[in-house]
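Residue strings, one per chain:
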Amino acid sequence: MTTSTRAAAKAPAILVLEDGRSFRGRAYGAVGETFGEAVFSTGMTGYQETLTDPSYHRQVVVMTAPHIGNTGVNDEDPESARIWVSGFVVRDPARTPSNWRSARTLDDELAAQGVVGISGIDTRALTRHLRERGAMRVGIFSGPALDGPAGTGLADEAALLAKVQSAPQMKGADLSAEVATKEAYVVPAQGTKRFTVAAVDLGIKGMTPYRMAERGIEVHVLPATASAEDVYAVDPDGVFFSNGPGDPATADHPVSVMQAVLERGTPLFGICFGNQILGRALGFGTYKLKYGHRGINQPVQDRTTGKVEVTAHNHGFAVDAPLDKISETPYGRAEVSHVCLNDNVVEGLQLLDRPAFSVQYHPEAAAGPHDAAYLFDRFVQLMEGQRA
């Protein structure tokens, strides 16, 4: 830990929720102020993948596990080129990491990337508050941002609350283009190339195209602004729509591109935000969950097989589709293929008359269990069937 980070760790900090509740603790990572939507993640491990997941853009993540940072930070596990969370909240940060792959401390990494955090607060109480009241806007303040008159360090909480309440809300936020690649790039197939896939990047994680490459797929990752013409310029055997941040109700462009893919009958696979895009493309609505699903231990049932999977989630919105019947859509019959066993939220969709399906969670297992890896094989089977 650097001298400056040691000093920051002793600095007072305060977390202020938009409903007026506050928690006082110590600065963790960078010192300053930050704003976002307060959400909680139930994973005991995988904090590095969480921090670098573009789907967490403009969110302040509260870790429910009390002890965070014990494996440090390495250069192999990031899911993108930077940390995307707006802020980070932990109860008991590790003083010294202990892992052979660790290159530096989590505290130092947060500080180096300018991520303002807070430690030493009762994250159980905060999580329970968010479960009862719902995800909401939040601010974290430390250092000069917390200074009151004449540098007293006694900032007026009413003034801090006003700042939080003036921050933008997640509902209605159009964020995918802010996190997606600006230029197309190719992830080559491992071994013999079997298929070409056009992947529309709405906030894609690095492991996702890698999982496809493992199966002999050459993946052309395209910007969120890609048109249907851009998608078909790579002559794809299949089209993939990734995870990403924001409100799916704002994603009119990806919806129109997906509808063009459905019209042509190209095998299609979507995850997370891509599942919501498919829902909208089929004519279903979307809605904001009270506090969402985030973590690597969410139980989901694949209704096509009856199998129950432990899965990795990161979503605050869901598709409003009927669980008890097959629906007629402009592209044929559709049904809910996966459902969350905690709350019956729609976790997957599939078309019965065209080669298209999606899930609301993260089958790439970064971080998380590998229970859902078969979904990439299901995508391969769709492309094999289309080719045959």
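Residues numbered from 1 in each chain as written. Predicted model: local features only at pLDDT ≥ 70, side-chain atom pairs only at ≥ 80, totals over all residues. Heavy atoms only, no water.

1. Let's talk about the pattern of salt bridges
Argument step 1. Here the structure, examined in full by the defined rule, presents 22 salt bridges.
Argument step 2. The residue Glu218 makes a salt bridge to Lys193 at a minimum N-O spacing of 3.4 Å. Within this pair, whereas Glu218 is found in strand E12 (residues 217–222), its partner Lys193 is found in the loop between strand E10 (185–187) and strand E11 (195–200), the two being separated by 25 residues in sequence.
Argument step 3. Here Lys193 falls in the partly exposed class, since its relative accessible area comes to 45%.
Argument step 4. Connected through shared salt-bridge partners, Arg211, Glu214, Arg215 and Asp377 make up one network. (Salt bridge = Lys/Arg side-chain N within 4 Å of Asp/Glu carboxyl O. Helix = DSSP H or I, 4+ residues; strand = E, 2+ residues; numbered from the N terminus. Buried < 20%, exposed > 50% of the residue type's maximum accessible area, 1.4 Å probe, protein only.)

2. Focus: the UniProt feature "active site" (unreviewed entry) in the protein chain
Argument step 1. The positions UniProt marks with the feature "active site" (unreviewed entry) are Cys272, His362 and Glu364. Spanning 93 residues, the named residues form one tight spatial group whose C-alpha atoms are at most 11.5 Å apart.
Argument step 2. As for its placement among the helices and strands, His362 is situated in the loop between strand E20 (356–359) and helix H11 (374–387).
Argument step 3. Setting aside anything within four residues of it in sequence, one finds His362 in contact with Asp53, Lys205, Asn243, Ile271, Cys272, Ala312, His313 and Asn314.
Argument step 4. One can find Glu364 in the loop between E20 and H11.
Argument step 5. Judged by its relative accessible area of 0%, Glu364 is buried.
Argument step 6. Excluding its chain neighbours within four sequence positions, the residues that come into contact with Glu364 are Lys205, Met207, Thr208, Arg211, Ile271 and Phe376. (UniProt positions renumbered as here; feature names shortened; annotations may be inferred. Contact = heavy atoms within 4.5 Å.)

3. Notes on the side chain of Arg378
Argument step 1. Among the structural elements, Arg378 can be located in helix H11.
Argument step 2. Ignoring any residue separated from it by four or fewer positions in sequence, one finds Arg378 in contact with Asp302, Thr304, Thr305, His338 and Phe357.

4. Quick look at the environment of Leu375
Argument step 1. Summarising the element assignment, Leu375 is placed in helix H11.
Argument step 2. Judged by its relative accessible area of 0%, Leu375 falls in the buried class.
Argument step 3. For the pair Leu375 and Ile271, spaced 104 residues apart in sequence, the C-alpha to C-alpha distance is 10.0 Å.
Argument step 4. Excluding its chain neighbours within four sequence positions, the residues that come into contact with Leu375 are Phe269, His338, Phe357, Val359, Tyr361 and Pro363.

5. Observations concerning unusual backbone geometry
Argument step 1. Here the residue pair Ala366 and Ala367 is connected by a cis peptide bond, since its omega of -5 degrees sits within 30 degrees of zero.
Argument step 2. Within the secondary structure, Ala367 sits in the loop between E20 and H11.
Argument step 3. With phi around 70 degrees, Arg58 is a residue other than glycine that occupies positive phi space.
Argument step 4. With respect to the secondary-structure elements, Arg58 resides in the loop between helix H2 (47–51) and strand E4 (59–63).
Argument step 5. We note that Cys272 has phi near 60 degrees; this positive angle belongs to a residue other than glycine.

6. Quick word on the side chain of Thr105
Argument step 1. Mapped onto the elements of the fold, Thr105 is located in the loop between strand E7 (92–93) and helix H3 (106–112).
Argument step 2. Excluding anything up to four places from it in sequence, Thr105 contacts Val73 and Pro97.

7. Observations regarding the packing of aromatic side chains
Argument step 1. Tallied over the full model, the rule gives six aromatic pairs.
Argument step 2. With a centroid separation of 5.5 Å and 70 degrees between ring planes, the pair formed by Phe240 and Phe269 is classed as edge-to-face. Highlighted residues: Phe240 in strand E13 (residues 238–241) and Phe269 in strand E14 (residues 268–271), separated in sequence by 29 residues.
Argument step 3. Relative accessible area serves as the criterion here: at 0%, Phe240 is assigned to the buried category.
Argument step 4. Three or more aromatic residues link up through ring pairs in this structure, and these residues are Phe240, Phe269, Phe357, Phe376 and Phe379.
Argument step 5. Over the face of the ring belonging to Trp84 we find Arg82, whose NZ or CZ atom lies 3.8 Å from the ring centre.
Argument step 6. Lying over the aromatic face of Tyr232, Arg264 brings its terminal NZ or CZ to 3.6 Å of the ring centre. (Phe/Tyr/Trp six-rings, centres within 6.5 Å; stacked < 30°, edge-to-face > 60°. Lys NZ or Arg CZ within 6 Å of the ring centre and 35° of its normal.)

8. Let's talk about the UniProt feature "binding site: L-glutamine" (unreviewed entry) in the protein chain
Argument step 1. The residues that UniProt annotates with the feature "binding site: L-glutamine" (unreviewed entry) are Ser55, Gly244, Gly246, Phe273, Gln276, Asn314, Gly316 and Phe317. Maximum C-alpha separation among the annotated residues is 13.4 Å over a sequence range of 263 residues, consistent with a single clustered spot.
Argument step 2. One can find Phe273 in helix H10 (residues 273–281).
Argument step 3. Under the relative-accessibility criterion, Phe273 is labelled buried at 2%.
Argument step 4. Those residues in contact with Phe273 that lie beyond four places of it in its chain are Leu202, Ser242, Asn243, Gly244, Pro245, Gly246, Asp247, Pro248, Ala251 and Gln360.
Argument step 5. Among the structural elements, Asn314 can be located in strand E16 (residues 308–320).
Argument step 6. Relative accessible area serves as the criterion here: at 6%, Asn314 is assigned to the buried category.

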